[in-house]
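A look at the structure
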Amino acid sequence: AGAASGAAAGPVGVAVGAGVGIGVDFALAKGVELARRRDFEADTAAALGTAHAEWRELMGAELARYIDVLVDDAVQLTANAQTSPRE
């Protein structure tokens, strides 16, 4: 009987030990996650703000150039339409 209970306690002990180890690991991971979450959110917000500012600067310059080309083309087409003879 003692040998049978010792043999059964081995796998059960391993399973219980593994369960406790996984639970402790999960709890520590969640604690670290909660402790670092504010830093992560602040870093992400800063990175997003920087990317947004760079994007606005680059796209703003390109849009201004594009609008200048459109206006110049419109002026030239209007001038050409007024000076060309009508049929």
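These remarks concern the structure in this document. (Residues numbered from 1 in each chain as written. Predicted model: local features only at pLDDT ≥ 70, side-chain atom pairs only at ≥ 80, totals over all residues. Heavy atoms only, no water.)

**Description of the overall build of the chain**
Within the chain one finds 1 helix and 0 strands. Put simply, the chain has 87 residues, and 0% of those count as buried. Accessible surface computed for the chain: about 7700 Å², of which carbon and sulfur atoms make up 66%. (Helix = DSSP H or I, 4+ residues; strand = E, 2+ residues; numbered from the N terminus. Buried < 20%, exposed > 50% of the residue type's maximum accessible area, 1.4 Å probe, protein only. Areas by Shrake-Rupley, 256 points an atom, 1.4 Å probe, with all protein chains shown as cover.)

**Considerations on the pattern of salt bridges**
Inspection of every chain in the model, using the stated rule, returns 4 salt bridges. One salt bridge in this structure joins Lys-30 and Glu-33, with 3.4 Å as the shortest N-O distance. Of this pair, Lys-30 and Glu-33 both sit in helix H1 (residues 2-83), 3 residues apart, which is roughly one turn of the helix. Here Lys-30 falls in the partly exposed class, since its relative accessible area comes to 38%. Classification of Glu-33 by relative accessible area gives partly exposed; the value is 38%. Shared partners join several salt bridges into a network, and the residues in it are Lys-30, Glu-33, Arg-37 and Glu-41. (Salt bridge = Lys/Arg side-chain N within 4 Å of Asp/Glu carboxyl O.)

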